[in-house]
Amino acid sequence: MRHAWTIAKNDLSLRARDRSIYIIGLVAPLALAFIFNVVFGGGISDVGETITFEVGIANVDQGPIGAAFEDVIDSIASEGLLTVTTFGSAEAARTAADNGTVGASFILPEGLSDAVLGGADATIEVVGNVDAPTTTQVASSISEQFGIGVRTANLSVATAMASGALSPEQAFAAAGEAGTATPAIEVGSVEAASRQLDSAAYFVAGLSIFFLFFIAGMSITSMLEERREGTLSRLLAAPINRQSIVAGKSLASILIGLASMTVLVIVSSLIMGADWGPPLGVAMLIVGAVLAVTALMTAVGSFAKTPEQAGNLQSIVAVTLGMLGGTFVPIAQEGFLAKLSLLTPNAWFIRGLGDLAGGGISAALPAVLVLLAIAVVAGSIGLVIAGRALRL
Amino acid sequence: MTNSRVLEATGLKKSFGDIHAVRGVSFHISVGETYGLLGPNGAGKTTSISMVSGLLQRDGGEVLLDGQSMTTTSLGPKQDIGLVPQDLAIYPDLTARENLRFFGHLYSMPKAELVKRVDEVLEVVGLADRANDRASEYSGGMKRRLNIGIGLLHRPKLLVLDEPTVGVDPQSRNAILESVEHLSSEGMAVLYTTHYMEEAERLCTRVGIIDQGEIKAEGTRRELVELVGQQDRIRITATGVQESALDELRRLSGVHSVSPSDGSLELLVADAGAVLPEAMRVLGSQHAGVSSVSVEEPDLEAVFLHLTGKALRD
Ligand SMILES: Nc1ncnc2c1ncn2[C@@H]1O[C@H](COP(=O)(O)OP(=O)(O)O)[C@@H](O)[C@H]1O
Ligand SMILES: [Mg+2]
């Protein structure tokens, strides 16, 4: 292990002199994330007519507020911006959002109208699919707008009157109450209930893990380059285990990967206003992702015989997993692709960040564990195969 | 006797697919000895020493370093070997000092000792004044010397040098040979491969002549020469040599043959030093006019030619 560290240190000092590491680790992911965020990250107006968002709705409320909300959704749908699937239960809507059948679901809970009209706090829950951040954001802003609307007396009264559920007197009473300082619907609770990752954070996350593959790939390519340059024979002649050579090279990649991801999170928070969620949870996910990706790329690269071969193999894997895992576009929203995406560390990292934003650190733990499991399995394979493959 | 044996290699075998690179090579090296593997390109020198150094898994045979078996995974014996690979094995982006430090750490050298030893080695290989420049800025000869320096850094019991002078300017080459002689005089055992006959003759206590994966003959230079029955050759350019003079020359003791050709004579003799004055006396008394004399002592080149039917360098 001491020798692995010696090799890692040497590798770090060699790689630090290579400009490409800064481009792959910092400049490229940030620049692309910035562009993606400007193009795709805004509200409805930016996305415009060409895109339709798939949302689900479960109206268990059966009251006037629920009916009014459905009207609002219908009217947006009639402009072609939304396609709406109606679900019979909150559970069905939640499941549909979770597995990507819809991008996001609105859940209007039982007693919503009563609560709102009675002046109590109430929540329209938005459940978003982690791979559909834009849809989720759209859904959130709709419910947010609705919440603000309900708070004004006008809408409140009109809704109540239109539904015919209230007498004018009751409506006026409700309007009066709605006009007071107590908001009828907590916007804050809408946000807290959603499993949504901030769009800037989403794009930086996806791109940084994509580029992480290339940082990780350097562990094997630098080993193969040492073979070509002749220094590998010295490492093999030295009284150290072959595995500590692989481990040292991987360790260097892990440290660079951690540094790159950490800097990206901090910089994107500062200049793009990205909201990543609780730092401890983000840190756990980053560690998991870096370990998983490094282990995976070491295992993949260990089948190569030349640096070029390793580079090609690793690019194919990086791009394939990036596409599946939702790095470039959140394509994997449903069905087979969604299931397939669960084989990628990319998807688990992004899902973990979404869970973290929605449910705190405990919600992100499953994703962290999956990433660590990938790291252990791929890492063991990689160490053994790459260690064996190490020869002159 | 066995105690002083630093290296004992027996029956080494290695094939790459259909190529039988090494087919049963054996040799041993004792403390203070410099053993040469002399053979042309492709003879199996690098493959042999790669097995000796634990870089390459052998198909058969045994390597004992100080009595311990060497394999690709044995760490103890590897600590005892300093390898200087045929191809440069240095990091061009690091300075000489950084290169030495890194490899010193891999051999678990204690920090204080390492610092001291790095300076010593820089001195030995003549790079002290360029120690803090990147190796990529060095001349070919300087890179070679750094390559050697790394090999002897951790004071190995056996220093293995694989054709260390290939592609080196004469000055650096001489410096390299001198430092090998110096190390040997300090008692370090050296395994030296080369296809330069003169290097083997100058440096090596014993030489193994290797060709096509086999050691064809082994011994000191004298032993090898005697083994193949080689003789000194005296060439005399002279006029007016009578038949009687030739007869008298043939009767001299130690002369095996005398063959005249127009204007010159060639004598094959056991010892040129003993025969030459006698031969001159005979020619003088027979009134032959001698214009030049040359003596050729047999060398390893001739031995190699005799053993394999081909020249060392082609
Ligand atoms: N890794 C290898 N794969 C295939 N053939 C090899 C390999 N290494 C050496 N050889 C072959 O083995 C023979 C001996 O090579 P080598 O030991 O390098 O000779 P030398 O060092 O004496 O020049 C040559 O024919 C060479 O082509
Ligand atoms: Mg060779």
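All of these numbers come straight from a predicted model, not from anything done at the bench.

### Overview of the interface of chain A and chain B
Taken together, the contact between chain A and chain B spans 23 residues of the former and 28 residues of the latter. When chain A packs against chain B, the two sides together hide about 2300 Å² of surface, and 60% of this comes from carbon and sulfur. Here A:Arg17 ties to B:Glu98 by a salt bridge, and the two come within 3.6 Å at their closest N and O atoms. Across the chain A-chain B interface, the total number found is nine residue pairs in polar contact (both at pLDDT 80 or more). Residue contributions to the side of chain A that touches chain B peak at seven residues, all from helix H1 (residues 2–15) of chain A. Here the side of chain A that touches chain B is built from residues that sort into nine nonpolar, eight polar and six charged.

### Considerations on the nonpolar core
By size, the foremost hydrophobic cluster in this structure holds 95 residues, and its most contacted members are B:Leu7, B:Phe27, B:Leu106, B:Leu146, B:Leu158 and B:Leu191. Residues contacting B:Leu191, with those up to four places away along its chain left out, are B:Leu7, B:Phe27, B:Ile29, B:Tyr35, B:Leu37, B:Ile49, B:Val52, B:Leu158, B:Leu159, B:Val160 and B:Leu161. In terms of nonpolar packing, the next biggest core, distinct from the first, is built from 56 residues, A:Leu30, A:Met261, A:Ala289 and A:Ala367 among them.

### Structural notes on the coordination of the magnesium ion (ligand 2)
Distances from the magnesium ion (ligand 2) to its protein donors, B:Thr46 (OG1) and B:Gln86 (OE1), fall within 1.9 to 2.2 Å. One end of the pair, B:Thr46, is in helix H1 (residues 45–52); the other, B:Gln86, is in the loop between strand S6 (81–84) and helix H3 (96–106), and 40 residues separate them in sequence.

### Some thoughts on the sheet that holds strand S4 (residues 125–128) of chain A
Residues and elements named next belong to chain A. What the four strands build is an open sheet, ordered S2-S1-S3-S4; its pairing is mixed. Both edges of this open sheet fall to strand S2 (82–87) and S4, since each of them pairs with a single strand only. Along the sheet, successive strands turn relative to each other by an average axial angle of 25°, direction set aside. Relative to strand S3 (residues 104–108), strand S1 (residues 53–59) runs parallel, the two being bridged by five bridges. For Val55, the partnering residue across the bridge sits in S3 and is Ala104. Each of S1, S2 and S3 touches helix H4 (residues 64–78); the most contacted strand, S1, lies at about 165° to it.

### Overview of the site of ligand 1
Residues and elements named next belong to chain B. Contacts to ligand 1 come from Phe16, Ile19, Ala21, Pro40, Asn41, Gly42, Ala43, Gly44, Lys45, Thr46 and Thr47. In this structure, Gly42 approaches ligand 1 through a main-chain N or O atom, which is 2.7 Å from an oxygen atom. Within the complex, 61% of the 560 Å² of free accessible area of ligand 1 lies under protein. Elements represented by at least two residues in the shell around ligand 1 include exactly strand S2 (19–30) and H1. Ranked by residue count, the leading element in the shell around ligand 1 is H1, at three residues. Across the shell around ligand 1, the residue classes tally to five nonpolar, five polar and one charged.

### Quick look at the confidence of the model for chain B
Scored by pLDDT, chain B has a mean of 90; 98% of the residues are at 70 or more. Predicted complex, confidence summary: ipTM 0.82, pTM 0.71.

### Comments concerning the packing of helix H5 (residues 140–152) of chain B against helix H6 (residues 170–185) of chain B
Packed helices, taken two at a time, are described by the angle between their axes plus the distance between the axes. Residues and elements named next belong to chain B. Orientation of H5 relative to H6, taken along the N-to-C sense of each, is 15°, at an axis distance of 10 Å. By the angle class used here, H5 and H6 are roughly parallel. The element H5 and its partner H6 pack so that their crossing is right-handed. Here Gly141, Arg144, Arg145, Ile148 and Leu152 of H5 come into contact with H6, specifically with Ser172, Ile176 and Leu183.

### Digging into the packing of helix H11 (residues 199–229) of chain A against helix H17 (residues 345–389) of chain A
All names here are of chain A. Two numbers describe how H11 lies on H17: the axes approach to 14 Å, and their chain directions differ by 10°. Considered as vectors, H11 and H17 are oriented roughly parallel to each other. The way H11 lies across H17 gives a crossing that is right-handed. Between H11 and H17, the residues in contact are Tyr202, Ala205, Gly206, Ile209, Phe213, Ile220, Met223 and Arg227 and Pro345, Asn346, Phe349, Ile350, Leu353, Ala386 and Ala389, respectively.

Definitions and limits used
Residues numbered from 1 in each chain as written. Chains lettered and ligands numbered in written order. Predicted model: local features only at pLDDT ≥ 70, side-chain atom pairs only at ≥ 80, totals over all residues. Heavy atoms only, no water. Contact = heavy atoms within 4.5 Å. Buried area = accessible area lost by both parts, 1.4 Å probe. Salt bridge = Lys/Arg side-chain N within 4 Å of Asp/Glu carboxyl O. Polar contact = N/O pair within 3.5 Å; in protein donor to acceptor, adjacent residues only side chain to side chain. Helix = DSSP H or I, 4+ residues; strand = E, 2+ residues; numbered from the N terminus. Nonpolar A, V, L, I, M, F, W, Y, C, P; charged D, E, K, R; others polar. Core = buried A, V, L, I, M, F, W, Y, C linked by side-chain atoms within 4.5 Å. Buried < 20%, exposed > 50% of the residue type's maximum accessible area, 1.4 Å probe, protein only. Donors = N, O, S within 2.8 Å, 3.2 Å for Na, K, Ca; no water. Pairing = 2+ DSSP bridges. Axes fitted to C-alpha atoms, helices over the stretch in contact; angles between N-to-C directions. Near = heavy atom within 4 Å. Areas by Shrake-Rupley, 256 points an atom, 1.4 Å probe, with all protein chains shown as cover. pLDDT = per-residue confidence, 0-100. Parallel < 35°, antiparallel > 145°, perpendicular 65-115°, else oblique. Left-handed = near helix turned anticlockwise from the far one by under 90°.

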